[in-house]
Amino acid sequence: AAFSAMYWANVHEDPLELAIDDYLKPNLSKTKFNGTKVDEQPFDPDLKYQTALIEESDVKTLYISGAPEVVLQMCELSNSQRAKWQQKIKIWGDQGLRIVGLATKKHTDNKLSKEAPTNCQWLGLIGIEDPVRSGVVETIEQMCLSGVRLKIITGDYLPTAQAIWNNIKSGSKT
């Protein structure tokens, strides 16, 4: 189910989604994705998730991927399970990984609701290392030396953004 969520709740355009595609390629021969996409909600930066409604053998399944803290809230988990996953998200974020949460749910309608999914089955996390690009540290140093005040605006999970910033600062001379 996790491979299905990675495959279907993915518009295959964003660099993160393309990295997920690269990960899936060796497994595509073992996993059949024979369903039909009935409806989808592309990633919305305000909602922080995307969904795809897939029909296969007359069974409709909703797949969700997005910000792990958002997707996790859509799922039915015990308090201890939720705490375990929240801790994993924090650890991976502190390591600077880009993190995606995955979930699924059986669905009866042919259309997606405008409401956020609830009572979903948590499938797990994807953690992707996205190293700082070459030249970023030097560019930021030049900007700061020129008197430019830097503000970082990101949609990433806060510990991930902080870890990436710390990585940039550790390579800086200023």
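Being a predicted model, the structure only gives us computed values, none of them experimental.

Colleague: Help me understand the overall build of the protein, please; the structure alone is not making it clear to me.
Modeller: Regarding its fold elements, the protein presents six helices and five strands. Reading the protein from its N terminus to its C terminus gives the helix and strand order α-α-β-β-β-α-α-β-β-α-α. Each principal axis of the C-alpha atoms in the protein carries an extent, and together these give about 60 × 35 × 30 Å. Out of the 174 residues in the protein, the part that is buried amounts to 37%. Long-range contacts, defined here as pairs at least 24 residues apart, represent 62% of the contacts in the protein between residues at least 6 apart. Total accessible area computed for the protein in this model is approximately 10,700 Å², and 50% of it derives from carbon and sulfur atoms. Between the centroid of the 20 positive side chains of the protein and the centroid of its 22 negative side chains there is a distance of 4 Å.

Colleague: I'm lost on the pairing of strand S3 (residues 59-66) in this one. Help?
Modeller: On a regular strand, each side chain points to the face opposite its neighbour's, so the side chains alternate between the two faces of the sheet. In terms of burial, S3 is largely enclosed, as seven of its eight residues are buried. Sheet topology places strand S2 (residues 49-56) next to S3; eight bridges connect them, and they run antiparallel. By the bridge assignment for S3, Thr51 is matched with Ile64. Linking S2 to S3, which pair antiparallel, is a turn of two residues; within it Ser57 sits at a positive phi near 55°. As paired elements, S3 and strand S4 (residues 97-107) share seven bridges and run antiparallel to each other. Looking at S4, one finds that Lys60 is bridged to His107.

Colleague: What is the right way to look at the state of the cysteines in this model?
Modeller: Here a disulfide denotes a covalent bond joining the sulfur atom of one cysteine to the sulfur atom of another. Applying the stated rule across the entire model yields zero disulfides. Free cysteine: Cys120, not disulfide-bonded; nearest cysteine sulfur from Cys75 at 5.2 Å. What makes Cys120 buried here is its relative accessible area of 3%.

Colleague: What's the story with helix H5 (residues 136-145) in this structure? I'm lost.
Modeller: Because an α-helix completes one turn every 3.6 residues, residues spaced three or four positions apart along the sequence face the same direction. Of all the residues in H5, the buried ones are Val137, Ile140 and Glu141. Seen along its axis, H5 keeps its buried residues to an arc of 105°; they face one direction. Residues of H5 that are buried make contact with helix H6 (158-170). Looking one or two residues beyond H5, the residue adopting positive phi is Gly147, at roughly 90°.

Colleague: Help me out: how do you make sense of the sheet that holds S3 in this one?
Modeller: Whether parallel or antiparallel, the strands of a sheet pair through hydrogen bonds between backbone atoms. The five strands are arranged S1-S2-S3-S4-S5 in an open sheet whose pairing can be described as antiparallel. A single partner strand is all that each edge strand has here, and the edge strands are strand S1 (36-44) and strand S5 (121-129). The sheet shows a mean angle of 15° between the axes of neighbouring strands, taken without regard to direction. On top of the sheet, helix H4 (residues 79-94) reaches S4 and S5; it is set at about 10° to S5, its chief contact.

Colleague: Is there a simple way to explain the packing of aromatic side chains in this structure?
Modeller: The geometry of an aromatic ring pair comes down to the distance between the two centres and the angle between the two planes. Tallied over the entire structure, the rule returns one aromatic pair. Summarising the aromatic geometry, the rings of Trp85 and Trp122 are spaced 5.5 Å apart at their centres and angled 65° between planes, so their arrangement reads as edge-to-face. With Trp85 in helix H4 and Trp122 in strand S5, the pair connects residues that are 37 residues apart, well separated along the chain.

Colleague: Would you mind going over unusual backbone geometry with me for this structure?
Modeller: Trans peptide bonds make up the majority, and among non-glycine residues the majority have a negative phi. Residue Lys48 is not a glycine yet carries a positive backbone phi of 70°. As for its position among the elements, Lys48 is in the loop between S1 and S2.

Colleague: Just checking my understanding: could you explain the pattern of salt bridges for this structure?
Modeller: Oppositely charged side chains can pair when the atoms bearing their charge come close. Inspection of the entire model under this criterion finds two salt bridges. The partner of Glu40 in a salt bridge is Lys37, and the shortest N-O contact between them spans 3.2 Å. One salt bridge in this structure joins Asp94 and Lys90, with 2.8 Å as the shortest N-O distance. Residue Asp94 and its partner Lys90 are both found in helix H4; the two are separated by four residues, about one turn of the helix. Accessibility expressed as a relative area gives 42% for Asp94, which makes it partly exposed.

Reading the values: rules and limits
- Residues numbered from 1 in each chain as written.
- Predicted model: local features only at pLDDT ≥ 70, side-chain atom pairs only at ≥ 80, totals over all residues.
- Heavy atoms only, no water.
- Helix = DSSP H or I, 4+ residues; strand = E, 2+ residues; numbered from the N terminus.
- Buried < 20%, exposed > 50% of the residue type's maximum accessible area, 1.4 Å probe, protein only.
- Contact = heavy atoms within 4.5 Å.
- Areas by Shrake-Rupley, 256 points an atom, 1.4 Å probe, with all protein chains shown as cover.
- Lys, Arg positive; Asp, Glu negative; His and termini not counted.
- Charge placed at Lys NZ, Arg CZ, Asp CG, Glu CD.
- Pairing = 2+ DSSP bridges.
- Disulfide = S-S within 2.5 Å.
- Arc of directions from axis to C-beta.
- Axes fitted to C-alpha atoms, helices over the stretch in contact; angles between N-to-C directions.
- Phe/Tyr/Trp six-rings, centres within 6.5 Å; stacked < 30°, edge-to-face > 60°.
- Salt bridge = Lys/Arg side-chain N within 4 Å of Asp/Glu carboxyl O.

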